[in-house]
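# Structural description and commentary
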Amino acid sequence: MTDRPVKSATVQVEQASPDATLYKAREKIYPREVDGVFAKLRNLTVLILLGLYYILPWIQMDGRQALLLDLPARKFHIFGLTLWPQDLIYLSALLIIAALSLFFFTALAGRLWCGYACPQTVWTEVFIMMERWVEGSRQQQIRLDKEPMSFRKFRIRATKQLLWIAFALWTGFTFVGYFSPIRELGHNLLTFNLGPWETFWIFFYSFATWGNAGMLREQVCIYMCPYARFQSAMFDRDTLLIAYDTSRGEPRGQRKRGVDSRQAGLGDCVDCGLCVQVCPTGIDIRNGLQYQCIGCAACIDACDEVMEKVGYPKGLVLYTTERALEGGKTHILRPRILLYSAGLLLITAALIVAIALRTPIELDILRDRNALFNETNEGWIENVYTLKLINMIDKPQRFRVTVAGPSSLKLVSTEGNEFTVESGGVQAVPVSLRADPADLADRSTKIEFTMESLDDPAIRLTRVGRFLGPTPRPGR
Ligand code: SF4
Ligand code: SF4
């Protein structure tokens, strides 16, 4: 608590002595419980996000799980919309939107994602809550850690681990329930009929939850998370961050109640250390900006409570920007914000339009590679194709295929021009097209195949192909 801040909004760089070891043993952090506006906001976010995570796979729609990423069947069911491998473009657009959102919110609001919505933060918050229910407050946890092993200590530790493991198993089960129908999965679990892969993934994800949220906690953010490393590239002097107001807080020092800090030559920081005790990564925000800070705002709540008690204005630790800390005016609309938001709006709009206009069928036209064209006994020109009819509708469909082009063009197929394709099926149909050479003005003529559903005439698709013929004779 004796370190003096170098300057607000500067990154701390530690000088290593030549014989210093690169290994640093973990010092266990016992984050103190905090109450306040941001703690309530964080709890609400945890409740909403975890509520969604655990409830979503149980929602049914049209007699089927509404959100199911069915990998074996290569179908993603997303609330009435079924996406197939051919729809990979939508997934790519979604990933681009997610990345751009992250850039946008990081440039605008710093580590808002880390502090409130990151799965590591959310699950760690729940594991810490369970730890507090079982082991008590920060002080009780420190005392318990120092105690030699006894029946009481063993009982408390075992209870905590049992709670953690049960919660982690539920999390792992729910995770697998996004990929394998969760009701069936639950039934198989209760009747000990789980398949080997389902069992593996439930245990793997449960172990990862227990390990990351229960055991590793802040170490995931500090040492493992790549986002923590590159997010500073998205920061600028107008990015929202959490900082200690050095100009107001220093010189820090303890004082008696009612003492006028200015007259005593002190700043507003009473050096109580609460901002450090509540910090889940164990840092002192008064030492300036540090990459370990996940922006959870627990130190703001803690310090505001202290300020209220000692009768000083709140906001000694606050959401601010580097520019504001230097006395300048924060600019919200900046080139990078405008660029990210324009990109985000553009891709989101394109995705919405593409999904709205999406046709759940596909028609691939493959030309016969053996011959450019054939001439029939009647002197007509014939081209041979294989049409691939793809049905991405959840029911079998009957399709009719027609062709448009030169007036004499006709479709010849031993199977007629109506075909039934199973849901998710791809049917290859060999067809021939014949045309009178007198109708062909060029060696390559544009033609159009149309595939329409006889079950739902609104579903139709036209694809362009080429019809090849001989070089037209001059004067024809
Ligand atoms: S310094 Fe404050 S905002 Fe940053 S991680 Fe610690 S408590 Fe959270
Ligand atoms: S909580 Fe506030 S007053 Fe207490 S040490 Fe931290 S900054 Fe200073």
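Residues numbered from 1 in each chain as written. Chains lettered and ligands numbered in written order. Predicted model: local features only at pLDDT ≥ 70, side-chain atom pairs only at ≥ 80, totals over all residues. Heavy atoms only, no water.

## Section: the sheet that holds strand β4 (residues 75–78)
Stated precisely, the cut-off is as follows: Only strands that DSSP links by at least two bridges are regarded as paired with each other. For the purposes of this entry, the term helix denotes a DSSP run of H or I that reaches at least four residues, the term strand denotes a run of E that reaches at least two, and both are numbered from the N terminus. Interaxial angle, 0 to 180 degrees, is taken between N-to-C directions of lines fitted to C-alpha atoms, where a helix line uses only the stretch in contact.
The antiparallel open sheet is built from 3 strands, whose spatial order is β3-β4-β5. Only two strands of the sheet have a single neighbouring strand rather than two, namely β3 (67–70) and β5 (81–83). Across the sheet, the mean angle separating the axes of adjacent strands is 15 degrees when strand polarity is ignored. Examined bridge by bridge, β3 and β4 share 4 bridges and lie antiparallel to one another. Note on β4: the bridge partner recorded for L67 is I78.

## Looking at the sheet that holds strand β11 (residues 397–404)
Spatial ordering of the open sheet is given by β13-β11-β15-β16, a layout of 4 strands whose pairing is antiparallel. Two strands lie at the open edges of the sheet, namely β13 (418–421) and β16 (460–468), each paired on one side alone. Pairwise comparison of adjacent strand axes, ignoring direction, gives a mean angle of 30 degrees for this sheet. For β11 and β13, the ladder comprises 4 bridges, and the chain directions are antiparallel. Bridge assignment links F399 to a residue of β13, and that residue is F419.

## Thoughts on the packing of aromatic side chains
As a reminder of what qualifies: Classification of ring pairs rests on two measures: the distance between centres of Phe, Tyr or Trp rings, Trp counted by its six-membered ring, which must be within 6.5 Å, and the angle between planes, read as stacked under 30 degrees, edge-to-face over 60 and tilted in between.
By the definition in use, this model includes 21 aromatic pairs. Centre to centre, the rings of F127 and W164 are 5.4 Å apart; their planes meet at 45 degrees, and the pair counts as tilted. Of this pair, F127 sits in helix α4 (residues 119–135) while W164 sits in helix α6 (residues 151–176), and the two are 37 residues apart along the sequence. Geometrically, the ring pair formed by F200 and W201 is edge-to-face, given 5.0 Å between the ring centres and 75 degrees between the ring planes.

## Quick look at helix α8 (residues 196–216)
Here is the rule: Given the number of residues in a helix, its expected span is that number minus one, multiplied by 1.5 Å. Per-residue accessibility, obtained with a 1.4 Å probe over protein chains only, is compared with the maximum for each type, and a residue is labelled buried under 20%, exposed over 50%, and partly exposed between these values. Note on definitions: a residue-residue contact is assigned when non-hydrogen atoms from the two residues lie within 4.5 Å.
Relative to the 30 Å expected for 21 residues at 1.5 Å per residue, α8 spans 28 Å between its end C-alpha atoms, a close match to the ideal helical length. Every buried residue of α8 is accounted for by E198, I202, S206, T209, G211, A213 and G214. Of the surrounding elements, those touching the buried residues of α8 are α4, α6 and α7 (182–190). Looking one or two places after α8, you find R217, whose phi comes out positive at around 45 degrees.

## Quick notes on the environment of Q65
Here is the rule: Here a polar contact is taken to be a pair of N or O atoms separated by no more than 3.5 Å, where protein atoms must pair a possible hydrogen donor with a possible acceptor and residues adjacent in sequence count only if both atoms sit in side chains.
Tracing the backbone shows Q65 in strand β2 (residues 64–65). Q65 sits 220 residues away from I285 along the chain, and the two C-alpha atoms are 46 Å apart. Those residues in contact with Q65 that lie beyond four places of it in its chain are P57, I59, Q60, H77, G177, Y178, S180, P181 and I182. Within the structure, Q65 has its side chain in polar contact with the backbone oxygen of L67 (distance 3.1 Å). In this structure the side chain of Q65 is engaged in a polar contact, spanning 2.8 Å, whose partner is the backbone nitrogen of I182.

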